[in-house]
Amino acid sequence: MRNDRRTDSRTRFARPTDREAMIGLKKATILAALFLICSAAAAQDRPPDGGVAEAAGAGAVKAWYGRPTVRYAHGVLGDAIEAGSLIAIYEERRRDELVVPQTQVFEDITPRLADLDGDGRNEVIAIRTDVSAGAAVAIYHMVDGKLKERAATAPLGLTNRWLSLAGIADFRGDGRRQIAVVKTPHMGGTIEILALRGDALVSLYPPQPGYSTHIIGSRILSLAGVGNVNGDGAAELALPDQNRRRLIVLRFGSRVETVLVRDLPARINAQIRIEDRRNIAAPLDSGETARIRIPKLPEPP
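Residues numbered from 1 in each chain as written. Predicted model: local features only at pLDDT ≥ 70, side-chain atom pairs only at ≥ 80, totals over all residues. Heavy atoms only, no water.

J.: Requested: an account of the pattern of salt bridges, with residues and values cited.
T.: Tallied over the entire structure, the rule returns 15 salt bridges. Among the ionic pairs, Asp108 bridges to Arg112, the shortest N-O distance being 2.8 Å. Here Asp263 and Arg246 are joined by a salt bridge, their closest N and O atoms 2.8 Å apart. With Asp263 in strand β17 (residues 256-263) and Arg246 in strand β16 (residues 246-252), this residue pair connects regions lying 17 residues apart in the sequence. In this structure Asp263 comes out as exposed when scored by relative accessible area, which is 53%. One network of salt bridges, with partners in common, ties together Asp117, Glu123, Arg150 and Asp199. (Salt bridge = Lys/Arg side-chain N within 4 Å of Asp/Glu carboxyl O. Helix = DSSP H or I, 4+ residues; strand = E, 2+ residues; numbered from the N terminus. Buried < 20%, exposed > 50% of the residue type's maximum accessible area, 1.4 Å probe, protein only.)

Written out as structure tokens, the structure is:
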């Protein structure tokens, strides 16, 4: 009998009372709620080094990337973490988040804001990648309070193919901004100048290969410098050649014109600076900075 009583006692001790069960259920509920809250908060976090783009005026005034994801393991920017969403705030204080499908990521760090069509409202410019077809330029705007795609280039065609947004400026002197893009900057580096025309991105010149504006694994998304070196109101583009041992300055009129080529003692490894109308500074991997004086340019063709 004593053995039976000890067995019953142990059984009663191991079995939780109704009150204990209720406490355990409450704890589990609280933990589950905390997990969901933390998960939701994590979903809104920016990717590593992700910044907030800001611009004055109308249209988009702030934009950033959210929902870090590792579903695309290209790692061209130094890690395998990309963004799964784009968030923008408009001047009317409207805010929206656009979440891309599982087949896409933003292979970028911080979006860009610029008025591309001259209507006085900023668009959002992003690098959006299809995980099986590579990177593309994508333009977004707000429609009825929702962030929507307005225009995009076709993806590059293969996975693990990326493009660099070299600069955004008025390259033609027509009062509108264009986008300088270097496609596959680590493999041939083809430059194109894109303009927003209606709801399409149009390439203004034949593509030209031989440039590089990014180092694999670098968080510096563009090595190119943008500025007006001859005071005519149209921006020039200073960028490295494919080997980064040569600095080239391009301008864009009726055609693409090379206005300066300068061999360098080491490779360009940080963003080129057009310091004023006639001087360029190019940081080199030797630790030096090459300083180049631009001669007075002839009138563009």
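J.: Hey, could you go over the nonpolar core for me, with residue numbers and the actual values?
T.: In terms of nonpolar packing, the biggest core is built from 20 residues, with Ile125, Val137, Ile139, Leu165, Ile179 and Leu201 touching the most fellow members. By residue number, the principal contributor to this core is strand β8 (residues 134-143), which donates three residues. Ignoring any residue separated from it by four or fewer positions in sequence, one finds Ile179 in contact with Leu116, Ile125, Val137, Ile139, Leu165, Gly167, Ile168, Glu192, Ile193, Leu194 and Leu201. (Core = buried A, V, L, I, M, F, W, Y, C linked by side-chain atoms within 4.5 Å. Contact = heavy atoms within 4.5 Å.)

J.: I'd like a description of unusual backbone geometry, backed by residues and values.
T.: Glycine aside, residues mostly have negative phi, and peptide bonds are mostly found in the trans state. With phi around 50°, Asp144 is a residue other than glycine that occupies positive phi space. Checked against the element boundaries, Asp144 lands in the loop between β8 and β9 (146-152). Positive phi, close to 65°, is recorded for Arg244, a residue that is not glycine. Within the element layout of this structure, Arg244 appears in the loop between β15 (236-240) and β16.

J.: Account for the sheet that holds strand β19 (residues 279-283), with residues named and values stated.
T.: Strand pairing in a sheet is mediated by backbone hydrogen bonds. Such pairs are either parallel or antiparallel. Here we have three strands laid out as an open sheet, ordered β18-β19-β20, and antiparallel in their pairing. Each having just a single partner strand, β18 (273-274) and β20 (289-293) make up the two edges of the open sheet. Of the pairings in the sheet, the one linking β19 to β20 comprises five bridges and is antiparallel in character. Following the sheet pairing, Ala282 is matched in β20 by Ala290. (Pairing = 2+ DSSP bridges.)

J.: Mind laying out the environment of Ile268, listing which residues take part and the relevant values?
T.: In this fold, Ile268 is placed in the loop between β17 and β18. Along the primary structure Ile268 and Pro283 are separated by 15 residues, whereas in three dimensions their C-alpha atoms are 5.7 Å apart. With near-sequence residues (within four places) excluded, Ile268 lies in contact with Ile215, Leu223, Pro240, Arg244, Arg246, Leu247, Ala282, Pro283 and Leu284.

J.: Just give me the short version of the packing of aromatic side chains, but keep the residues and values in it.
T.: Aromatic ring pairs: the centre-centre distance and the angle between the two ring planes describe each pair. Taken as a whole and judged by the stated rule, the model has four aromatic pairs. Taking 5.1 Å as the distance between ring centres and 25° as the angle between the ring planes, the aromatic pair formed by Tyr65 and Phe106 counts as stacked. Within this pair, whereas Tyr65 is found in strand β2 (residues 58-69), its partner Phe106 is found in strand β5 (residues 104-106), the two being separated by 41 residues in sequence. A residue is classified by how much of its surface remains accessible, and Phe106, at 0% relative accessible area, is buried. Measuring from centroid to centroid gives 5.4 Å for Phe171 and Phe252, while their planes differ by 70°, and the two rings are edge-to-face. One end of the pair, Phe171, is in the loop between β10 (163-169) and β11 (178-183); the other, Phe252, is in strand β16, and 81 residues separate them in sequence. Through pairs of rings, three or more aromatic residues link up here, namely Tyr65, Phe106 and Tyr140. (Phe/Tyr/Trp six-rings, centres within 6.5 Å; stacked < 30°, edge-to-face > 60°.)

J.: Describe the environment of Met187, and please don't skip the residues or the numbers.
T.: Here Met187 is to be found in the loop between β11 and β12 (190-197). Here Met187 falls in the partly exposed class, since its relative accessible area comes to 49%. The spatial distance from the C-alpha of Met187 to the C-alpha of Ser212 is 8.3 Å, given a sequence separation of 25 residues. Beyond its immediate stretch of four places on either side in the chain, Met187 contacts Arg161 and Gln242.

J.: So what's going on with the pairing of β12? Residues and values would help.
T.: The buried fraction of β12 is high, at six of eight residues. Relative to β12, β11 is paired through five bridges, and the arrangement is antiparallel. Looking at β12, one finds that Ala180 is bridged to Ile193. Joining the antiparallel neighbours β11 and β12 is a turn of six residues, in which Thr184 adopts a positive phi near 40°.

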